[in-house]
Structures are given as structure tokens and as C-alpha cells.
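Each chain, written out:
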Amino acid sequence: MTIKIAPSILSADFTRLGEAVKEAEAAGVDRVQIDIMDGRFVPNITFGPLAVRALRPLTRLTLEVHLMVTPPEDFIDAFAEAGADTLIVHQEATPHLHRAIQHIHGHGKKAGVAINPSTPASVLSEVIGSLQLVLVMTVNPGFGGQEFIAETLDKLRQLRRTFTDRGLDCELEVDGGIHRQTAPLVVEAGANVLVAGSAVFGAKGGVKNAVEELLQAARRGLDSGSVV
Ligand code: DX5
């Protein structure tokens, strides 16, 4: 299983977001995650479509847009047209999740669904077969630098088993409190894409070194041999 790091620019210097994305690209990652927050679904406000439009021409990286907004359907067109490659909506944010996924695919974009720590994986059963990514929140969304919630590990194991049993080619991503100590735990439980904000952009040794250290730590989870 290939482990990937998705730096979250939520933890980057907001006065130099373009440089932060370029540093991430130079570090060898294949994507960055852009945390969109509306102050309603989560108690914080961050970026809008204009920020994605501004970053798009600066990089060839996949722009993963994590829509912590409600209702997400109202924002899919704007972010898809701004240049997002993957749009991740929250299951909790809409009664029309299937339609939101169709809407994303209608733009030719990859669709992901995120679930909060209190949301069971079973809510995805009717749509999981059409997804390119499932994001298990390992913190309650809204802020970077929070404590990892270890109770989410069983949910990861359950989803990894589902992907294997159903032969799904879907990424299993985690977001929140991911650093050198938690990275092997989530990989051992089945995650293969690790979103990291403060562990990457807050690292003293710089972005490239932080990404390399995270990858090394994450791969220790593979060595444990428990991932199918
Ligand atoms: C939560 C955000 C954060 C961010 C990563 O709403 O989505 O999880 O991306 O934060 P860190 O890696 O600093 O915990």
C-alpha cells in the first residue's frame, strides 16, 4: 500500500500560501489539502473559491478541497470551476449526499466524503462504491493543532476491511492530529493518505524534512503487518 502525505495549508503562513504550496510540491507530495470552513458547519472561517483560483496556476499538485460547509451542494460549482481536483463533502452536512457526489462527478472531479469522529462508517454504505476517497476525521473539524482521537482507529479498520471485501479502489484518508507518533497507528489501522497541517507547516526543520519524517513514521505502521 502506498502511503501519501497531504499537507494542509490551514497551518501554513497565510501571508505566503503560494510559497507554502510550492514548498509542499518541492517536498514530493502529490497533493495539498485546502480546508474550507464556513463558520456554520464548523466554528471557524477560512478560505473561499477565490483562494483556490489563486493557487491553481501556481502548482501541478492535486488540489484537495475539504468542504467543511453546509450545504455543500451550494459550493460545488464554485470550487470545481476554481480548479479543485478532488472535492470532499461531509456526510453530516447534507441530506442529499448521493446527489452531491453525482454533482461532483458531473464536473469530472474526484469525490470524497468525510465523516466526523461521532459518525459511524455505516452511513457511507449506500455511496461508498462510487467514492474515490473516504476521509475519517481524527479530530473534531474546525481547527489545526488538535489532539488525535484514538477512538477513530476502529473505524479505520472497519473501512479498510470494507474496501478489501468489496474490492474498492478508494483512498482512506485521515485528518487531524497526525504526526510522527500517530502516523504509524493510522497506517496500521488501514489509512493510506495522511493529512497533516501543524506537523508539516509548523515543523522547525522545514516542509520537506517534515514530510520525509512523517512518511518514515507512517511506514512503520506497514511493517506491523496488520494492514491487508
Ligand atoms: C480540522 C482541519 C485540521 C487540519 C490538520 O478541521 O481539517 O485537521 O486539516 O490539522 P493538524 O494536522 O494540525 O491537526
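Please refer to the structure placed before this passage.
For every chain, the first residue of the written sequence is number 1, and numbering continues from 1 onward in sequence order. Reporting of local features is limited, given that this is a predicted model, to residues whose pLDDT is at least 70; pairs of side-chain atoms are given and counted only at 80 or more, and all residues count toward the totals for whole chains, interfaces and linings. For the side-chain quantities, the full set of heavy atoms in the structure was used; hydrogens and water were omitted.

### Focus on the overall build of the protein
Counted only if it meets this: Helical segments are the DSSP runs of H or I of at least four residues, strand segments are the runs of E of at least two, and each set is numbered from the N terminus. When a residue's accessible area, from a 1.4 Å probe over protein chains only, is under 20% of the maximum for its type it is buried; when over 50% it is exposed; and in between it is partly exposed. The contact definition used throughout considers only heavy atoms, calling two residues in contact when any of these lie within 4.5 Å. Surface accessibility in these figures is a Shrake-Rupley result with a 1.4 Å probe; residues are shielded only by whichever protein chains are displayed. The positive count covers Lys and Arg only, the negative count covers Asp and Glu only, and His and the chain ends enter neither. We put the charge of a Lys on NZ, of an Arg on CZ, of an Asp on CG and of a Glu on CD.
When you go through the protein residue by residue, the secondary structure sums to 8 helices and 8 strands. Expressed as a percentage of the 228 residues in the protein, the buried residues total 54%. Once local pairs closer than 6 in sequence are excluded, the contacts in the protein between residues at least 24 apart make up 67%. When the accessible surface of the protein is summed, it comes to about 9,900 Å², and 48% of that surface belongs to carbon and sulfur atoms. Taking the average place of the 21 positive charges on the side chains of the protein and the average place of its 27 negative ones, the gap between the two points comes to 4 Å.

### A short note on the pairing of strand 8 (residues 193–196)
Quick reminder of the rule: Any two strands with at least two DSSP-identified bridges between them are counted as paired. Handedness of a crossover is defined as follows: orient the strands so they point away from the viewer, and if the path from the first strand over the helix to the second runs clockwise, the crossover is right-handed.
Residues of strand 8 alternate between two faces, with Val193 and Val195 on one and Leu194 and Ala196 on the opposite face, all of them buried. By the bridge criterion, 4 bridges tie strand 1 (residues 4–7) to strand 8 in an arrangement that is parallel. Across the sheet, the residue bridging to Ala6 is Val195, located in strand 8. Sheet topology places strand 7 (residues 171–175) next to strand 8; 3 bridges connect them, and they run parallel. Bridge pairing in strand 8 links Val174 to Leu194. In the classification by handedness, the crossover that spans strand 7, the intervening helix 6 (residues 183–189) and the parallel strand 8 is right-handed.

### Looking at helix 5 (residues 153–166)
For clarity, the threshold we go by: A helix is expected to reach a length of 1.5 Å times the quantity of its residues less one. Arc, as used here, means the arc of the directions from the helix axis to the C-beta atoms.
With 14 residues, helix 5 ought to run about 20 Å at 1.5 Å a step, and its terminal C-alpha atoms sit 20 Å apart, in line with that. For helix 5, the set of buried residues is Leu153, Lys155, Leu156, Leu159, Arg160 and Phe163. With its buried residues spanning 155° around the axis, helix 5 presents them on a single face. Pointing more than 90 degrees away from the buried face of helix 5 are the exposed residues Asp154 and Asp165. Structurally, helix 5 contributes buried residues whose contacts are with strand 5 (110–115), strand 6 (133–137), strand 7 and helix 6. Once helix 5 ends, the next one or two residues include Gly167, with phi positive near 65°.

### Some thoughts on the site of the ligand
Short version of the rule: The rule for a residue being near a molecule or strand is that one of its heavy atoms must lie within 4 Å of it. Counted as a polar contact is a pair of N or O atoms within 3.5 Å, where, for protein atoms, one must be capable of donating a hydrogen and the other of accepting one, and residues adjacent in sequence contribute only when both atoms are in side chains. Charged means Asp, Glu, Lys or Arg here, nonpolar means Ala, Val, Leu, Ile, Met, Phe, Trp, Tyr, Cys or Pro, and polar covers whatever is left, Gly included.
For the ligand, the set of nearby residues contains 19 residues, the closest of which are Gly142, Asp175, Gly177, Gly197 and Ser198. The separation between an oxygen atom of the ligand and a polar side-chain atom of Asp35 is 2.8 Å. The contact in question runs from an oxygen atom of the ligand to an N or O atom on the backbone of Gly197, over 2.7 Å. Elements represented by at least two residues in the shell around the ligand include exactly strand 2 (31–37) and strand 8. When its residues are assigned to classes, the shell around the ligand shows 8 nonpolar, 9 polar and 2 charged.

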